[in-house]
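Here are the chains, one letter per residue:
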Amino acid sequence: MPWSAVLLVSNGRSDEEADFADVYAFTGRASCVLGRARECEIRLAPEQLEVSRRHCLIVVRPPHVVVRARGGAPGP
């Protein structure tokens, strides 16, 4: 059976008007950084200050997915 994991990035709203801005599909081994910095593979909007520039590392090792905090502080 093929393995896959999907990361849905929402627009930040928690109500019924929330929608998904981006969808990332992983079908094998991968690692990427999520944050506001330009060099992040999964980049969130710069105005989302509650997320740090390099917020977390996502490591995909089927059938496991690990999310590791990068220890950065939110803000500009």
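Please refer to the structure higher up on the page.
Because the structure is a prediction, the values reported are computed rather than measured.

What counts, and at which threshold
Residues numbered from 1 in each chain as written. Predicted model: local features only at pLDDT ≥ 70, side-chain atom pairs only at ≥ 80, totals over all residues. Heavy atoms only, no water. Helix = DSSP H or I, 4+ residues; strand = E, 2+ residues; numbered from the N terminus. Buried < 20%, exposed > 50% of the residue type's maximum accessible area, 1.4 Å probe, protein only. Contact = heavy atoms within 4.5 Å. Salt bridge = Lys/Arg side-chain N within 4 Å of Asp/Glu carboxyl O. Pairing = 2+ DSSP bridges.

Below, the discussion takes up the overall build of the protein chain. Helices and strands together make up the secondary structure of the protein chain, namely zero helices and six strands. Walking the protein chain from its N terminus toward its C terminus, one meets helices and strands in the order β-β-β-β-β-β. Residues classed as buried in the protein chain amount to 26% of the 76 residues present. Counting only contacts in the protein chain whose residues sit at least 6 apart along the sequence, the fraction spanning at least 24 positions is 30%.

Moving on: the pattern of salt bridges. Scanning all chains against the criterion turns up one salt bridge. Residue Arg54 pairs with Glu39 through a salt bridge whose shortest N-O separation is 2.3 Å. In this pair, Arg54 sits in the loop between strand E4 (42-43) and strand E5 (56-61) while Glu39 sits in the loop between strand E3 (30-35) and E4, placing the two residues 15 residues apart along the sequence.

The next subject is the sheet that holds strand E6 (residues 64-69). Taking strand neighbours across the sheet as the criterion, the four strands line up as E4-E3-E5-E6 in an open arrangement whose pairing is mixed. What marks the edges here is a single partner per strand, and that holds for E4 and E6. Where E3 lies against E4, two bridges are found, and the strand directions are parallel. Across the sheet, Gly35 pairs through a bridge with Arg43, a residue of E4.

By the bridge criterion, five bridges tie E3 to E5 in an arrangement that is antiparallel. Paired with Ala30 across the two strands is Val60, which belongs to E5.

A few words now on the environment of Tyr24. Relative to the elements of secondary structure, Tyr24 occurs in strand E2 (residues 20-26). When the C-alpha positions of Tyr24 and Ile42 are compared, they lie 8.5 Å apart, and in sequence the two are 18 residues distant. Not counting chain neighbours up to four residues away, the residues in contact with Tyr24 comprise Ala5, Val6, Leu7, Val9, Glu41, Ile42 and Arg43.

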